[in-house]
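As a plain string of letters, each chain reads:
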Amino acid sequence: MKLVLNLCLVALLAGCQQNSFQGPAPETLFKDDLFQPISGSIESPEQIFALPEPTITELQSLIRPVTSVQVKTDLLLNYLFSKKGSSLLYQNDATLTAAETLAARQANCLSLTILSYSLAQEIGLYAEFRDIKIPEYWTQNNGYSLLNGHVNLKIVGGKNAGMDGSQSFDKFNYIIDFDVENNKSHFPSRQLKRTQVISMFYNNKAAEAMVHGQYDLSYAYLKAAVAADPTAAENWNNLAVLYRQKQQYKLAEQAYILAGQLAPDQLNPKANLALLYEAIGETEKAEQLSRFVAVRRNQNPYYHIMLGNESLAAGLPDKAIQHFKRGLVLDKKSSEAMFGLAKAHLSLGMRDKATHYLQLAEQSAPSRKDKERYQDKIRVLTTASVQH
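Residues numbered from 1 in each chain as written. Predicted model: local features only at pLDDT ≥ 70, side-chain atom pairs only at ≥ 80, totals over all residues. Heavy atoms only, no water.

Turning next to the overall build of the chain. Across its full length, the chain holds 16 helices and 10 strands. A burial count over the chain gives 48% of its 388 residues as buried. Long-range contacts, defined here as pairs at least 24 residues apart, represent 65% of the contacts in the chain between residues at least 6 apart. Accessible surface, the chain: about 18,800 Å² in total, of which carbon and sulfur atoms supply 50%. (Helix = DSSP H or I, 4+ residues; strand = E, 2+ residues; numbered from the N terminus. Buried < 20%, exposed > 50% of the residue type's maximum accessible area, 1.4 Å probe, protein only. Contact = heavy atoms within 4.5 Å. Areas by Shrake-Rupley, 256 points an atom, 1.4 Å probe, with all protein chains shown as cover.)

Next comes the structure, spelled out in structure tokens:
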């Protein structure tokens, strides 16, 4: 089963076939009688962004003598990245509120960006959320394929008056992005409303709950996500995946189709709908959608890396090598494809080739952390070869 979890924004892998929705109105897609009420309540929008009182007091003390927007921005960056020697860390993990992120000192990009926004708001900075349009990329968790996304925060400082009396904020821009290990600045982006970010938070929480088999909790979060942003295709896509888990195939189909209508360019709803049609025996529909998706995904190196990892997990190293090599053709600097080739060749007992690809991965690694990881693996392989 495949989900689309965006670790800055969560969505579940699903599919769509039609451009016009031929089913019930969206509100009729919710079926409360299929789920049990949850104990307690989910986070309110206010709780998502709320800062602890000691943090607010500390911030106000820091900025009391400051009037410059640039200096306030510098104070914010110092608070985020070097506060008391315990800088906040990016970690693809659970989605947290601003207060929880402060306590944990590490979180995914959505949580860290929410915290940054709350801090910026508290000290009077103009900040906007940005959704970064990265290529489709998946990770694995508990049998699910999770589609990753990315968000960051843009601080805009200075106000200029135009000749026509209009106001513009364009003296300086600063991007706060915690995933510094993987530069995503070259990808296009779009501004997000606060309500959209709230929806993303609930959608992430829904996907995390689903991965852990907490279907009632997932449903509660998905209802909240749709209430915050009913136009987000990811919400309906994830609801469809949840319905499929409950064997409510007709509801799943309708939700997938709605997701496709809301975002015709997204491939995830189409791919998931193909999986659904295949499961219920509608092979012609499944094949039609699968061909459509495959043609477009065939040009995405990350897709082939995912297929390579899936092949390795299935004990098919030769097939994995084909996928990793295809990924490398599409992106000649992909250290992940090189690392995949190293793992595949190692599983075939080809240590020399595995070392070769590990060395290439180390040379192409985008971060010092990744370089060190590959260096460690090279040392392990070399030591094992000498002992052998």
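Now that the structure has been shown, the text picks up again.
A few words on the packing of aromatic side chains. The final tally for this structure, using the stated rule, is 10 aromatic pairs. With centroids separated by 6.2 Å and ring planes inclined at 35°, the aromatic side chains of Tyr202 and Tyr221 adopt a geometry described as tilted. Separated by 19 residues along the polypeptide, Tyr202 in helix 6 (residues 194–211) and Tyr221 in helix 7 (residues 215–228) bring together distant segments of the chain. Residue class for Tyr221 comes out buried when judged on its relative accessible area of 6%. In textbook terms, an aromatic cluster arises when at least three aromatic residues are bridged by ring pairs, as seen for Phe30, Phe35, Tyr219, Trp236 and Tyr243. Positioned above the aromatic ring of Phe30, the side-chain terminus of Lys223 is 5.7 Å from the ring centre. The ring of Phe292 has Arg296 lying over it, and the distance from NZ or CZ to the ring centre is 3.8 Å. (Phe/Tyr/Trp six-rings, centres within 6.5 Å; stacked < 30°, edge-to-face > 60°. Lys NZ or Arg CZ within 6 Å of the ring centre and 35° of its normal.)

This part is about the pattern of salt bridges. Tallied over the full model, the rule gives eight salt bridges. A salt bridge links Asp32 to Lys223, with the shortest nitrogen-to-oxygen separation between them at 3.0 Å. Here Asp32, found in the segment before helix 1 (45–49), pairs with Lys223, found in helix 7; they are 191 residues apart in sequence, far enough to count as distant. Residue classification places Asp32 among the partly exposed residues on the basis of a relative accessible area of 43%. (Salt bridge = Lys/Arg side-chain N within 4 Å of Asp/Glu carboxyl O.)

This next bit is on the side chain of Asn268. Within the secondary structure, Asn268 is located in helix 10 (residues 268–279). In this structure Asn268 comes out as buried when scored by relative accessible area, which is 6%. Among the polar contacts listed, one links the side chain of Asn268 to the side chain of Arg297, at a separation of 2.9 Å. (Polar contact = N/O pair within 3.5 Å; in protein donor to acceptor, adjacent residues only side chain to side chain.)

So, about the pairing of strand 6 (residues 150–157). Extensive coverage of strand 6 is indicated by the burial of seven of its eight residues. Two strands pair when backbone bridges link them, and strand 3 (residues 126–132) and strand 6 are joined in this way by seven bridges, in the antiparallel orientation. Counted as the bridge partner of Asp131 is Val151 from strand 6. Two strands pair when backbone bridges link them, and strand 6 and strand 9 (residues 172–176) are joined in this way by five bridges, in the antiparallel orientation. Residue Lys154 lies in a different strand from strand 9, and its bridge partner there is Ile175. (Pairing = 2+ DSSP bridges.)

Here we come to helix 2 (residues 53–63). All of the buried residues along helix 2 are Thr55, Ile56, Leu59 and Ile63. Taken down its axis, helix 2 places every buried residue within 100° of arc, on the same side. Turned more than 90 degrees off the buried face of helix 2, the exposed positions are Glu53, Pro54 and Thr57. On its buried face, helix 2 sits against helix 3 (69–82), helix 4 (98–104) and helix 5 (109–122). (Arc of directions from axis to C-beta.)

What follows covers the nonpolar core. Ranked by size, the top nonpolar core spans 74 residues in total, and within it Leu76 and Tyr202 carry the most contacts. Look past the residues within four positions of Tyr202 in its chain and what remains in contact with it is Ile42, Glu43, Ser44, Pro45, Ile48, Tyr221, Ala224 and Ala225. With 19 residues, the next largest nonpolar core counts Leu341, Ala342, Ala344 and Ile378 among its residues. (Core = buried A, V, L, I, M, F, W, Y, C linked by side-chain atoms within 4.5 Å.)

Further remarks concern the sheet that holds strand 9. Hydrogen bonding along the main chain pairs the strands of a sheet, whether they run parallel or antiparallel. Spatially, four strands are ordered 9-6-3-10 in an open sheet, and the strand pairing comes out antiparallel. A single partner strand is all that each edge strand has here, and the edge strands are strand 9 and strand 10 (189–192). Neighbour to neighbour, the strand axes of the sheet diverge by 35° on average, direction disregarded. Across the sheet, helix 5 touches strand 3, strand 6 and strand 9, and the angle it forms with strand 6 is around 20°. Docked against the sheet, helix 6 engages strand 3, strand 6 and strand 10, running at close to 100° with respect to strand 10. (Axes fitted to C-alpha atoms, helices over the stretch in contact; angles between N-to-C directions.)

This paragraph deals with the side chain of Ser218. Within the element layout of this structure, Ser218 appears in helix 7. In this structure, Ser218 is in contact with Ala206, Ala209, Met210 and Leu242, ignoring residues within four places of it in sequence.

None of this, on its own, says anything about what the molecule does.
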